[in-house]
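For reference, the chains in residue letters:
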Amino acid sequence: MAFFLETLFGGLMVGMLYSLVALGFVLIFKASGVFNFAQGAMVLFAALAMARFSEWIPQWTGMESKVLANVAAFVIAGTLMFVMAWLIERLVLRHLVNQEAATLLMATLGITYFIDGLGQSLFGSNIYKIDIGMPKDPVFVLGSVFEGGLLLNQEDVIAAAIAAALVIVLSLFFQKTATGRALRAVADDHQAAQSIGIPLNRIWVIVWCVAGLVALVAGMIWGSKLGVQFSLTTVALRALPVVILGGLTSVPGAILGGLIIGVGEKLSEVYLGPFVGGGIEIWFAYVLALVFLLFRPQGLFGEKIIDRV
């Protein structure tokens, strides 16, 4: 039982991180009706900025406090993501208002390659580390309940807590604020939202800024766990099944989808992997997403795409 719970908790922790990346896709789709292929590049760019500025700031200023250096690096990286969001709206999206979804999709592909190249030019292409002080040693908990206790990774627990807190804040933002309601109105119908005075350009800037902040937090956490390298963009590919499972239009769906896939990957690898030679964790999420595409393409909580057109 203890081993099962360890596997279950491990899956939940990873699932929260998947949900965090998937949120970026959902936010952009809710505001523009287009799948944002640039989200993976945004995660990488934000992680590179965080890693490099946390290294450069102590060199430039002589700052000895790692905490202050990380805070300053986070602020600078966040500012860069906001500037990037403003430039994307000003130079690209503003000229594509009310265009077909396919046109916007191609625009995000172009943005992807531009951000990838810009990140490499500004920050280099080596492997960098992000050290934000998260403990990496595992700990034993519930020793009085289970013999020997449950083994949990402290870094995973803290990362999942950060992801959960951000998810809660975003959910409240969409449900309780005037800006969040305006975002939902734009998602439902661009032209109707404009007709009642909602400024589409400003809404797109806001949602890209929020997606940039989500990318920064996701990049910071994944960079701390895996190191910052250009293969970090593949983390976005791990989030694709999450948005398919949960629904492209649903923030709660992104959360639940991430948890289901995280748990499913871990349990299937541990309990079914030995019978099929392992490797289930690599393809489990994509097979599950394929099943949903065949039988429920809108996902668990998403709307049918045909209803949005």
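Computed from a prediction, not measured in an experiment: that's the story for all the values here.

Cut-offs used in this document
Residues numbered from 1 in each chain as written. Predicted model: local features only at pLDDT ≥ 70, side-chain atom pairs only at ≥ 80, totals over all residues. Heavy atoms only, no water. Helix = DSSP H or I, 4+ residues; strand = E, 2+ residues; numbered from the N terminus. Rg over C-alpha atoms; globule rule 2.2 N^0.38 Å. Buried < 20%, exposed > 50% of the residue type's maximum accessible area, 1.4 Å probe, protein only. Contact = heavy atoms within 4.5 Å. Areas by Shrake-Rupley, 256 points an atom, 1.4 Å probe, with all protein chains shown as cover. Core = buried A, V, L, I, M, F, W, Y, C linked by side-chain atoms within 4.5 Å. Axes fitted to C-alpha atoms, helices over the stretch in contact; angles between N-to-C directions. Parallel < 35°, antiparallel > 145°, perpendicular 65-115°, else oblique. Left-handed = near helix turned anticlockwise from the far one by under 90°. Nonpolar A, V, L, I, M, F, W, Y, C, P; charged D, E, K, R; others polar. Patch = residues over 30% accessible without salt bridge, like charges linked within 9 Å, V, L, I, M, F, W, Y side chains within 5 Å. Salt bridge = Lys/Arg side-chain N within 4 Å of Asp/Glu carboxyl O. Expected span 1.5 Å × (residues − 1). Polar contact = N/O pair within 3.5 Å; in protein donor to acceptor, adjacent residues only side chain to side chain. Phe/Tyr/Trp six-rings, centres within 6.5 Å; stacked < 30°, edge-to-face > 60°. pLDDT = per-residue confidence, 0-100.

A word on the overall build of the chain. Within the chain, the regular secondary structure consists of 13 helices and two strands. Relative to the globule expectation of 19 Å for 309 residues, the C-alpha radius of gyration of the chain, 20 Å, shows essentially globular dimensions. Taken along its principal axes, the extent of the C-alpha atoms in the chain is 65 × 55 × 35 Å. A burial count over the chain gives 48% of its 309 residues as buried. Of all intrachain contacts in the chain linking residues separated by at least 6 positions in sequence, the fraction that spans at least 24 positions is 74%. When the accessible area of the chain is evaluated, it comes to approximately 14500 Å², of which 68% is carbon and sulfur surface.

What follows is about the nonpolar core. Residues Leu 20, Phe 25, Trp 208, Trp 222 and Val 228 are the most contacted members of the largest nonpolar core, which totals 90 residues. Per-element tally for this core: the top contributor is helix α8 (residues 200–226), with 17 residues. With sequence-adjacent residues up to four places away left out, Phe 25 is seen in contact with Phe 35, Asn 36, Gln 39, Ala 236, Ala 239, Leu 240 and Val 243.

To continue, consider the packing of helix α2 (residues 39–61) against helix α3 (residues 66–91). Where α2 contacts α3, the two axes come as close as 8 Å, and the packing angle between them is 140°. Between α2 and α3, the angle falls in the class oblique. Judged by the sense of rotation from one axis to the other, the crossing of α2 with α3 is right-handed. Together, Met 42, Phe 45, Ala 46, Ala 49, Met 50, Phe 53, Ser 54, Ile 57 and Pro 58 of α2 and Ala 69, Asn 70, Ala 72, Ala 73, Phe 74, Ile 76, Ala 77, Leu 80, Met 81 and Met 84 of α3 make up the contact between the two elements. Each residue belonging to the contact of α2 with α3 can be placed in one class, and the counts come to 17 nonpolar, two polar and no charged.

With that out of the way, let us pick up a nonpolar patch on the surface. A cluster of nonpolar residues, Met 1, Phe 3, Phe 4, Val 270, Tyr 271, Leu 272, Phe 275 and Val 276, forms a patch on the protein surface that exposes about 850 Å² of accessible area. When contributions to the nonpolar patch are tallied by element, the ones reaching two or more residues are α1 (2–32), α10 (251–271) and α11 (273–276). Inspection of the secondary structure assignment puts Met 1 in the segment before α1. Judged by relative accessible area, Met 1 falls into the exposed class, the value being 67%.

The end-to-end C-alpha distance of α2 is 32 Å, a good match for the 33 Å that 23 residues give at a rise of 1.5 Å each. Taken across its 23 residues, α2 has 18 buried, putting it largely inside the fold. Directly after α2, the chain includes Gly 62, whose backbone phi takes a positive value near 75°.

In this section: the environment of Leu 105. Within the secondary structure layout, Leu 105 lies in helix α4 (residues 101–123). Leu 105 has contacts with Val 34, Phe 35 and Phe 37, leaving out every residue within four places of it along the chain.

Time to look at the side chain of Ser 268. Within the secondary structure, Ser 268 sits in helix α10. Within the structure, Ser 268 has its side chain in polar contact with the backbone oxygen of Glu 265 (distance 3.0 Å). Contacts of Ser 268, omitting those with residues within four sequence positions, involve Gly 273, Ile 280 and Phe 284.

According to the stated counting rule, one finds eight aromatic pairs in the structure shown. On the numbers, 6.2 Å between centres and 15° between planes, the contact of Tyr 18 with Trp 222 is stacked. Here Tyr 18 is found in helix α1, whereas its partner Trp 222 is found in helix α8, with 204 residues between them in sequence. Ring geometry for Phe 53 versus Phe 123: centroids 6.0 Å apart, planes at 75°, classification edge-to-face.

This next bit is on the packing of helix α9 (residues 234–246) against helix α12 (residues 280–295). The description of two packed helices rests on the angle between their axes and on the distance between the axes. One way to put it is that α9 packs onto α12 with a least axis distance of 9 Å and a crossing angle of 30°. The angle between the axes of α9 and α12 places the two elements in the roughly parallel class. Considering only the axes of α9 and α12, their crossing is left-handed. For the pair formed by α9 and α12, the contact residues are Leu 237, Arg 238, Pro 241, Ile 244 and Leu 245 on the first element and Glu 281, Ile 282, Ala 285, Tyr 286, Leu 288, Ala 289, Phe 292 and Leu 293 on the second. A class-by-class count of the residues in the contact of α9 with α12 yields eleven nonpolar, no polar and two charged.

What α9 keeps buried is the set Val 235, Ala 236, Ala 239, Leu 240, Pro 241, Val 242, Val 243, Leu 245 and Gly 246. Where α9 terminates, the next one or two residues include Gly 247, which has phi positive at roughly 110°.

With that settled, consider the confidence of the model for the chain. In low-pLDDT regions, the fine details of the predicted coordinates are not to be read closely. Residue-level pLDDT values for the chain average 82, and 93% of them are 70 or greater. Note that pLDDT drops below 50 for residues 305–309; the model gives that stretch six contacts with residues more than four away or on any other chain.

Moving on to the side chain of Thr 7. With respect to the helices and strands, the residue Thr 7 is situated in helix α1. When sequence neighbours within four positions are dropped, the list of residues in contact with Thr 7 reads Lys 266, Leu 267 and Val 270.

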